[in-house]
Amino acid sequence: MKLSRRNFLKLGAATATLVSLGSKTTTLKAFGREKLKEGGQGISLTGKKLKKINSTCLMCGVTDGITGFVKDGRLVKIEGNSKHPNNRGKICAKGQAGIQYLYDPYRIKYPMKRVGKRGEDKWERITRDEALNIVAEKIKEIQKKKDAGKIAIHKGRDRDKTILKRFGKAIGTKHTFNHTSICEASLKVGYETSMGADIDMADVAKSKYTILFGDNVFEASYMSVPMSQRIMDARAKGAKLVVFDPRLSHTAGQADNWFPVKPGTDGAVLLAMCNVLTSKNKVPAAGKKFINEWSNYPYDKLVKHLKKFTPSWAEKISGIKAADIERITIEFAKAAPKCCARGYNGLSNSVNGAMNARNLTLLNALVGNIDEEGGFCLPKGGKAGKVKPDPTDPEGDFPIKDIDHEWFPLASHHAYHLLPDYVEESGYNIDLYMIHMYNPIYSNPDVKRWREFMYDTKKLKYIVDFSPFWSETAVEVADLIIPDVTYLERLAVSAMPSADQMPFLQLYQPIVEPMYESSSVYDNYFEIARKVGGETAKYFKTRSLDAYQKEVVETEWGKGSWKKIKEEGVIIPTIEGKKYKAYDELTEAERDKLRKYHTYSKELKKEDIAEMKEKEYKFPDGDGPILDDKGKETKGVVRDGKYYKGFTTETGLFTIYAESWKEEGHSALPDFKEPEPTKGKKNDELILITGKPNVHTQSRTANVAWLMEIVGFNPAWINPKTAKAKGISTGDEIIIESGKAAKKMKCYAYVTEGINPDCIFVSASLGHWKYGDLASKGLVKEEGKQRKMFDASKDFPAQELEKGFGRKTTTSNRMYPFGVNKGTPVNTGGFANEKVNPIVKNWEDKTVVGYSPNPIMESSKKYTDPVGGEYAWSNTLVKVRKA
Ligand code: SF4
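Everything numeric in this text was worked out from a predicted model, so none of it was measured.

1. Section: helix H13 (residues 311-318)
Of all the residues in H13, the buried ones are Pro311, Ala314, Ile317 and Ser318. The buried residues of H13 occupy an angular sector of 120° when projected down its axis, which confines them to one face. Against helix H10 (266-279) and helix H14 (322-334) lie the buried residues of H13. Just downstream of H13, Gly319 is the residue with a positive phi angle, here 85°.

Take a look at the structure:
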């Protein structure tokens, strides 16, 4: 049978059914295939044994365990790794489509040096060695001038915690930037303030009542695959799910109750819930005990503070009925302590985001569920070890870092979406700007501002992009490209928190060899450091990246751990004499033993205290936090004369009263302020909200055919009431306009009850003007002109065509491993709708482009949470009209 992609999918479905009937081998043989001996669930397309490698997915930041199957050096299938404690063998559509990400015809194949001006798209192919020499020479030149702050490194979603920091310190710069402020920076700051950890690991599997605030966990939020499967397991046993989200996401659609809360007002609902608990005497005894014994604010005083936040007050702000707030709160408290409220971007991406996150932790604390089984748990991740010598913190002037700190002193994860503003304010230009896994001129809000900044050769003198793909940033503004590998060709170690409350460590390892002349950005940092020489090279003496990562694992996990992690892709620590196990090797009883709760209340052992004293940690006189030798980090707490692990907060306790916030002019206690940018919203204005659909990441998946076939078009969601007032129907072209500068976008309308009438929703991920043929459909209009799509086949005649994949890289004859399924109607952003579908004849239709809302998003200090530093994605007001 010739295997078309459609047949393959049909076969997959049939196979799954038959496997569940328990007649695996004969059934599969009847289809002319045989079950993989090693893989268990795999299908061999040829009857030949396939090589199987366990690794970690990085199509998105959830980082689930995967198993890659390789035939003749080619990756032919990706499955979930059942040895991984988080995803337990399951992965999402993005994870499976990683194969097309790897074999994307728009990979950058060779190091390239720009020969024209930025934007001219003219290149010269050079060797890797030449490229690395250019970077090393520039670093040396800057180092000679003793102004290493002129070097900046900006990374996107990269889970390796050790190499970039090491590289930055070794070359002498503190200007190492992240992308967290366009993600969940304020959530982290709010959580850190209350409980020390920057993320929760709610025990949703054992929770009987889960409430989600702005957390679209069934589609794209943090821990989506691990959490959604556990929520569904709990639902099957009768657990309730309640969702607060302005939009009827897939998660909201699965819930018992969906409340379309007005963006940026979740914090008011949360305080009103706290008020219901205290004013109606619904706080469980365990909650009162926790507040009195483990928080820094007495329960009685807290009750007084919460008095003003009544449900009717919250109703006026949030649009959620007071009666609903009361009912949900009482149901929630009844399930305590096996209940949890969780939040994500929707909770925090507003100018009051960090406070909203604090309010959420307070609700959890009041029901006494902090780090309880079935409750709101602290993360339990494994640790990666440190390789010595470790470079010390660089000294000198770092004006960009200083401005970030001056503007947002409490934002521990920074606000680097404002980099153009920081450079302008400081007048301090960057001579060498290196980026990896980041596409700033597409991913940031107010794209125009970022584009102007990156075209400016004074502000950013030389840009090196380690992108594996021809992204907007690579094509338009990079001066030098040293193509990185994808996560399927990379070696990296990453420690993530566990959805099962047990520590583990995971590994990314090459499933296939690096393609073309791509090379791992980490390898390149090693190589550049060696070329720079002197002090810088000292920290990269380890012969290879492999040897370095081995040391990272074995210094923390002991001998033999490297071998085990290479085999399994993951290791879970010591249990009854056996040093490491994978998840599927553990019995349920062993898993129960490994699950950790109440970690904060663990008393410190005598030897721990002795070790702390030896390290010169600072102990309080009487009760208080134990600080490290620098007096910065909390390492424990003394309570009633006893020594505990405590919370890693400024007080060592669960912090309700935050002195640090007061010092910076913010409310020390949980509070609520309406977001200033949307507060005075006029009747004809709407709040533009955004989010990711289930099969896409923020910016990297729009050239993946399987995913574009599912969601390749993203009309703007608008409520029928609002649409009627504006004379808009589904399928109409509309103009969305923001701000004084009148930034505009044109797109199609999708009229649906599934959105708050005050909002309009445009999903992120699509609307590229570069990034490959499918992502940009070769036809994005900009400033009235048609932008000619970058054509790799013309511009790079030397490129090799991949064996077995055909072709010139044009939409019409692009081929995929299982053939092209032409003419499939496109899915309309998650909702099939007969009125929208006719707009889009088929998913490869060149006239249909997705839209990115980023260019019309307002961005400045005003649209940034002054505490958490997160960009306020849900605070832009727009006007909408029929085109
Ligand atoms: S959620 Fe999907 S894309 Fe993200 S890591 Fe897991 S499998 Fe990969």
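2. Let's talk about a positive patch on the surface
Residues Lys383, Lys596, Lys602, Lys605 and Lys645 make up a contiguous surface patch of positive charge. Judged by its relative accessible area of 38%, Lys596 falls in the partly exposed class.

3. Details of the sheet that holds strand E3 (residues 51-56)
Reading across from one edge, E3-E4-E5 is the order of the three strands in this open sheet, with antiparallel pairing throughout. Each edge of the open sheet is held by one strand with a lone partner, namely E3 and strand E5 (74-80). Adjacent strand axes in the sheet meet at a mean angle of 30° when their direction is disregarded. Pairing analysis gives six bridges linking E3 to strand E4 (residues 65-71), with the strands arranged antiparallel.

4. Here we look at the nonpolar core
Grouped together as the largest cluster of nonpolar side chains are 85 residues, with contacts concentrated most on Ile211, Phe213, Phe244, Phe290, Leu366 and Phe647. Leaving out residues up to four positions away in the same chain, Phe244 has contacts with Ile211, Leu212, Phe213, Gly214, Phe259, Val261, Asp266, Val269 and Ile320. Membership of the second largest hydrophobic core comes to 78 residues, among which are Val387, Met434, Tyr508 and Tyr771.

5. Things to note about the packing of aromatic side chains
Counted under the stated rule, the structure contains 33 aromatic pairs. Relative to Phe654, the ring of Phe290 lies with its centre 5.5 Å away and its plane at 70°, an arrangement referred to as edge-to-face. Of this pair, Phe290 sits in helix H11 (residues 285-294) while Phe654 sits in the loop between strand E22 (642-644) and helix H28 (659-663); the two residues are 364 residues apart in sequence, bridging distant segments of the chain. Both residues of the pair, Phe290 and Phe654, belong to the buried class.

6. Some words on the packing of helix H5 (residues 128-144) against helix H22 (residues 521-532)
Running from amino to carboxyl end, H5 crosses H22 at an angle of 55°, the nearest separation of the two axes being 9 Å. Taken together, H5 and H22 sit at an angle that is classed as oblique. Note that H5 runs across H22; the crossing there is right-handed. Between H5, through Arg128, Asp129, Leu132, Asn133, Val135, Ala136, Ile139, Lys140 and Gln143, and H22, the contact on the second element is made entirely by Asp523, Asn524, Glu527, Ile528, Lys531 and Val532. In the contact of H5 with H22, the residues fall into six nonpolar, three polar and six charged.

7. Looking at unusual backbone geometry
Of the consecutive residues Ala336 and Pro337, the connecting peptide bond is found in the cis state with omega at 0°. When you line up the elements, Pro337 lands in the loop between H14 and strand E13 (339-343). Residue Pro389 is bonded to the preceding Lys388 through a cis peptide linkage, with omega at 0°. By secondary structure assignment, the location of Pro389 is in the loop between helix H16 (353-366) and helix H17 (399-407). In this model, Gln501 sits at a positive phi of 60°, which is unusual for a non-glycine residue. Tracing the backbone through its elements, the reader meets Gln501 in the loop between strand E17 (492-494) and strand E18 (505-508). Of the residues examined, Gln501 reaches a relative accessible area of 0% and is grouped as buried.

The rules behind each value
Residues numbered from 1 in each chain as written. Predicted model: local features only at pLDDT ≥ 70, side-chain atom pairs only at ≥ 80, totals over all residues. Heavy atoms only, no water. Buried < 20%, exposed > 50% of the residue type's maximum accessible area, 1.4 Å probe, protein only. Helix = DSSP H or I, 4+ residues; strand = E, 2+ residues; numbered from the N terminus. Arc of directions from axis to C-beta. Contact = heavy atoms within 4.5 Å. Patch = residues over 30% accessible without salt bridge, like charges linked within 9 Å, V, L, I, M, F, W, Y side chains within 5 Å. Areas by Shrake-Rupley, 256 points an atom, 1.4 Å probe, with all protein chains shown as cover. Salt bridge = Lys/Arg side-chain N within 4 Å of Asp/Glu carboxyl O. Lys, Arg positive; Asp, Glu negative; His and termini not counted. Charge placed at Lys NZ, Arg CZ, Asp CG, Glu CD. Pairing = 2+ DSSP bridges. Axes fitted to C-alpha atoms, helices over the stretch in contact; angles between N-to-C directions. Core = buried A, V, L, I, M, F, W, Y, C linked by side-chain atoms within 4.5 Å. Phe/Tyr/Trp six-rings, centres within 6.5 Å; stacked < 30°, edge-to-face > 60°. Parallel < 35°, antiparallel > 145°, perpendicular 65-115°, else oblique. Left-handed = near helix turned anticlockwise from the far one by under 90°. Nonpolar A, V, L, I, M, F, W, Y, C, P; charged D, E, K, R; others polar.

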